[in-house]
Amino acid sequence: PGRCTQIFSCSQGGWCLASKKLSREKVRKAGKVLVHSSPGTVEYDQALEIAQQWRLAHVYPINTFQARLRHIAKNIPGSIVAQRLKRMPTIIDKLDRYPDMQLSTMQDIGGVRIIVPTITAVWDVVSQYENAPRFTHELERKRDYITTPKSDGYRGVHLVYKYNNTLARTQEAKDCKGLRVEVQIRTQEQHIWSTAVETIGMVLHEPLKTRGGNEDWEEFFALMSSAVAIVEQQNVLEQHKYLRPVDIYRALAKKAAIINAIDIMKGYNLAAKEIQDNQRKNRSYYHIIELNIDRKVVRIRAFSEKEQIEALQEYSRLEQATQGDLAKNVVLVSMSELNKLQEAYPNYFLRMEAFLRRLEAIIDSVA
């Protein structure tokens, strides 16, 4: 839309105006169409346009919440603040996975996140939101995944607000009333764990975040979550609550050995870094990563975006050639996947390295 030179600095009518023009029923129906219709049809394209307008309407509320979060972060040394609009493919995938969910009420289209050094700092941030005297936005939902972590091991605190800035006088703020923004608060250790899950899920094409992936990797990350919880003096997962810390560490070490977790994570992290470092030198889009665990060798084959068929054929050939060989792993990744990961988890290379250092220290403690 030509009214804005930058998506986050529109002042002429604003993005929230879209939410005022779009009825919730219209948005709800658009979400259903995106799940049940085929891309490229007129019906799908119209629904996609509505969904994109609805998504962009959340820009203004996100900026408001991000400004407050940065103000809080000034008094927490070592904290990191980020904001994001949920990607449209991710929105559609979530609507597909949860049939009862509606686009018009999805709570995390717009989100902000703060990563803090300690558990104490997490509760300090939560308190500053819940007890702020001039904070007029409506807290709709609070999820404490630290006291009661998700079964997959995810930890953090989520606060879902309905935007209602009664102190603002602009029409933009009035038009945004009722839009939802999710505030995520987690420690650095918890964020490192989430980054590792996201990275391995992307590389292995396994839906680890939704408990539909490889069971060995899911159990590995669940055990790692409980191990980190012990370090942070928090509750382990329900399935581990009867185990001693040393038993959790031993089970983690055993599972890591079974799936070659350290070598695989090191190899793919190195490959991803090499791909992104070389991206400015060439315009390759698809990359086949061959990892030989025994020899500790990583080989990368690059293909342009137009060479998709060739990339898929070569990937299929290599996959069949290495089938059953536990010492060899082959994956196909695209730049769009790596860019998505970089967008969601800035500096994810360093976070993967931090995860591996923590993992190796735990394994060494029970060796």
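Residues numbered from 1 in each chain as written. Predicted model: local features only at pLDDT ≥ 70, side-chain atom pairs only at ≥ 80, totals over all residues. Heavy atoms only, no water.

**Student:** Provide a residue-level description of the layout of surface pockets, including the pertinent values.
**Tutor:** Any empty space left between the atoms is revealed when a probe the size of a water molecule rolls over them. The volume enclosed by the second largest pocket comes to roughly 640 Å³. If you go around the second largest pocket, you meet 23 residues; those closest to its centre are L204, N214, L326, K328 and N329. Where the lining of the second largest pocket is concerned, the elements lending two or more residues are α8 (188–204), α9 (215–231), α11 (261–278), α12 (308–321) and β8 (328–334). Split into classes, the residues belonging to the lining of the second largest pocket amount to 11 nonpolar, 7 polar and 5 charged. (1 Å grid on protein atoms, 1.4 Å probe; cavity = no way out; pocket = protein on both sides within 12 Å on 5 of 7 lines; lining within 4 Å. Points joined across faces, edges and corners; volume = space filled by probe spheres on them. Helix = DSSP H or I, 4+ residues; strand = E, 2+ residues; numbered from the N terminus. Nonpolar A, V, L, I, M, F, W, Y, C, P; charged D, E, K, R; others polar.)

**Student:** Provide a residue-level description of the sheet that holds strand β1 (residues 80–85), including the pertinent values.
**Tutor:** The strands making up a sheet are joined through hydrogen bonds of the backbone, oriented either antiparallel or parallel. Strand order in this open sheet of 5 strands is β1-β2-β5-β4-β3, and the pairing throughout is mixed. Edge positions in the sheet fall to β1 and β3 (138–144), since each has one partner strand and no second. Direction aside, neighbouring strands of the sheet carry axes that sit 15° apart on average. Two strands pair when backbone bridges link them, and β3 and strand β4 (residues 157–162) are joined in this way by 6 bridges, in the antiparallel orientation. Bridged to D144 within β4 is V157. Sheet contacts for α8: β2 (110–116) and β5 (180–187); angle to β5, the most-contacted strand, approximately 105°. (Pairing = 2+ DSSP bridges. Axes fitted to C-alpha atoms, helices over the stretch in contact; angles between N-to-C directions. Contact = heavy atoms within 4.5 Å.)

**Student:** Can you tell me about the environment of Q46, naming the residues and giving the values?
**Tutor:** Relative to the helices and strands, Q46 resides in helix α3 (residues 42–56). Sequence separation between Q46 and A30 is 16 residues, and the spatial gap between their C-alpha atoms is 7.9 Å.

**Student:** Hey, could you go over the sheet that holds β8 for me, with residue numbers and the actual values?
**Tutor:** If you walk across this open sheet you meet the 3 strands as β7-β6-β8, and the pairing is antiparallel. Unpaired on one side and paired on the other, β7 (297–303) and β8 mark the two borders of the sheet. Strand-to-strand twist in this sheet, taken as the mean axis angle between neighbours without regard to direction, amounts to 15°. Relative to β8, strand β6 (residues 286–292) is paired through 7 bridges, and the arrangement is antiparallel. By the bridge assignment, I289 is partnered in β8 with V331. α11 rests against β6, β7 and β8 of the sheet, and its axis sits at about 145° to β6.

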